[in-house]
Amino acid sequence: AQSVTQPDARVTVSEGASLQLRCKYSYSGTPYLFWYVQYPRQGLQLLLKYYSGDPVVQGVNGFEAEFIKSNSSFHLRKASVHWSDSAVYFCAVSGSNNRIFFGDGTQLVVKP
Amino acid sequence: GALVYQYPRRTICKSGTSMRMECQAVGFQATSVAWYRQSPQKTFELIALSTVNSAIKYEQNFTQEKFPISHPNLSFSSMTVLNAYLEDRGLYLCGARPGVQNTLYFGAGTRLSVL
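This structure is a prediction, so every number in the text was calculated from the model and none was measured.

Q: Any chance you could explain the interface of chain A and chain B here in plain terms?
A: A common way to express how large an interface is: the accessible area buried when the components associate. Facing 22 residues of chain A, the contacting portion of chain B comprises 20 residues. Counting each side, the surface lost to burial between chain A and chain B is near 1,600 Å², with a carbon and sulfur contribution of 52%. Considering only the side of chain A, the residues that lose the most area to chain B are L44, N98 and F102 of chain A, jointly responsible for 28% of the buried surface there. Here chain A and chain B share seven residue pairs in polar contact (both at pLDDT 80 or more) between them. Elements represented by at least two residues in the side of chain A that touches chain B include exactly β5 (32-38), β6 (45-50), β10 (87-94) and β11 (100-102) of chain A. Ranked by residues supplied to the side of chain A that touches chain B, first place goes to β5 of chain A with four residues.

Pasting the structure below:
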């Protein structure tokens, strides 16, 4: 079975600073990896996904993530955060069974 | 783009009663639909995965007797929370998968409160 660990429940950064949200997954096969974002009182929006190929994937709003197989990681990055990026970010993993499992989420707080 | 609508957005039901929620895929054919629950202060738990022409697969701790799901065509699914109690409150999300992609696109969810 697959699982996801997001070790940081909350991350606070200043506007304009760079960001990294950590994600580690557990899956014995080839994973499909995702980052979703949940804004207050809303559902989930897809930021980016990795299936294969270039391990660095670009997403919406300047986000990117890097798949590092040797480390079982899929950290999310952004060069310069904006106050509107404040939200909860979920890393997710899926395998060949098409079931997607989410981590516990990381709440991002961007200070002005 | 892929759009998923859920209805209702919010609902309140009395303890012990049932509540049905709907999920509509617009602009694409949803070959599979996954239902999730986000309980207060928690992550998203997979309830079940429904794939066209296959049996609906429920995760551990979730049963068809409690959360019956209908997936009659490639654009619509519904789920009912039977005999709802406090522990059933939360945000219920429907994720629809277009074609053979592995990506789920989510609706805004149905928020269930139980009195």
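Q: Quick question: what am I supposed to make of the layout of surface pockets here?
A: One simple way to see leftover space: roll a probe sized like a water molecule over the atoms. Of the volumes computed, that of the largest pocket is approximately 670 Å³. For the largest pocket, the lining is made up of 28 residues, of which Q38 and V88 of chain A together with Q38, Q41 and K42 of chain B are closest to its centre. Broken down by class, the residue content of the lining of the largest pocket amounts to nine nonpolar, 13 polar and six charged.

Q: I tried to follow the state of the cysteines on my own but got confused; where do I start?
A: Disulfide: a covalent bond connecting the sulfur atoms of a pair of cysteines. Taken as a whole and assessed by the stated rule, the structure comprises two disulfides over all chains. Between the sulfur atoms of C23 of chain A and its disulfide mate C91 of chain A the distance is 1.9 Å. Here the S-S torsion is close to -60°, and the disulfide linking C23 of chain A with C91 of chain A is therefore left-handed. Of this pair, C23 of chain A sits in the loop between β3 (19-21) and β4 (24-26) while C91 of chain A sits in strand β10, placing them 68 residues apart in sequence. Accessibility expressed as a relative area gives 0% for C23 of chain A, which makes it buried. The partner cysteine of C23 of chain B in its disulfide is C94 of chain B, sulfur to sulfur 1.8 Å. Disulfide C23 of chain B-C94 of chain B: the torsion about the S-S bond is -60°, which places it as left-handed. Taken as a pair, C23 of chain B in strand β3 (residues 19-26) and C94 of chain B in strand β9 (residues 90-98) lie far apart in primary sequence, 71 residues in all. This cysteine, C13 of chain B, is not joined by any disulfide, and C94 of chain B carries the nearest cysteine sulfur, 19 Å off. For C13 of chain B, a relative accessible area of 8% gives the class buried.

Q: Quick question: what am I supposed to make of empty space enclosed by the protein here?
A: Residues and elements named next belong to chain B. Counted by the stated rule, this structure contains one cavity of 30 Å³ or more. For the largest cavity, the calculated volume is near 30 Å³. Surrounding the largest cavity, C23, Q24, A25, A30, V33, H71, L74, S75, F76, S77 and A96 form its lining. Elements with a contribution of two residues or more to the lining of the largest cavity: β3, β4 (30-38) and β8 (76-81). Residue composition of the lining of the largest cavity, by class: seven nonpolar, four polar and no charged.

Q: Explain the pattern of salt bridges here, please?
A: Working definition: two side chains of opposite charge can pair if their charged atoms are close together. Using the criterion set out here, one finds nine salt bridges over all chains in the structure. Its salt-bridge partner being E59 of chain B, residue R99 of chain A comes within 2.8 Å of it at the nearest N-O pair. On the criterion of chain membership, the pair formed by R99 of chain A in the loop between β10 and β11 and E59 of chain B in the loop between β6 (57-58) and β7 (69-73) is interchain, its members lying in two chains. Judged by its relative accessible area of 25%, R99 of chain A falls in the partly exposed class. Ionic contacts of the salt-bridge type, sharing partners, join the residues R37, E45, K66 and D88 of chain B into one network.

Procedures and definitions
- Residues numbered from 1 in each chain as written.
- Chains lettered and ligands numbered in written order.
- Predicted model: local features only at pLDDT ≥ 70, side-chain atom pairs only at ≥ 80, totals over all residues.
- Heavy atoms only, no water.
- Contact = heavy atoms within 4.5 Å.
- Buried area = accessible area lost by both parts, 1.4 Å probe.
- Polar contact = N/O pair within 3.5 Å; in protein donor to acceptor, adjacent residues only side chain to side chain.
- Helix = DSSP H or I, 4+ residues; strand = E, 2+ residues; numbered from the N terminus.
- 1 Å grid on protein atoms, 1.4 Å probe; cavity = no way out; pocket = protein on both sides within 12 Å on 5 of 7 lines; lining within 4 Å.
- Points joined across faces, edges and corners; volume = space filled by probe spheres on them.
- Nonpolar A, V, L, I, M, F, W, Y, C, P; charged D, E, K, R; others polar.
- Disulfide = S-S within 2.5 Å.
- Buried < 20%, exposed > 50% of the residue type's maximum accessible area, 1.4 Å probe, protein only.
- Salt bridge = Lys/Arg side-chain N within 4 Å of Asp/Glu carboxyl O.

Interpretation note: all reported values are geometric properties and have no functional meaning in isolation.
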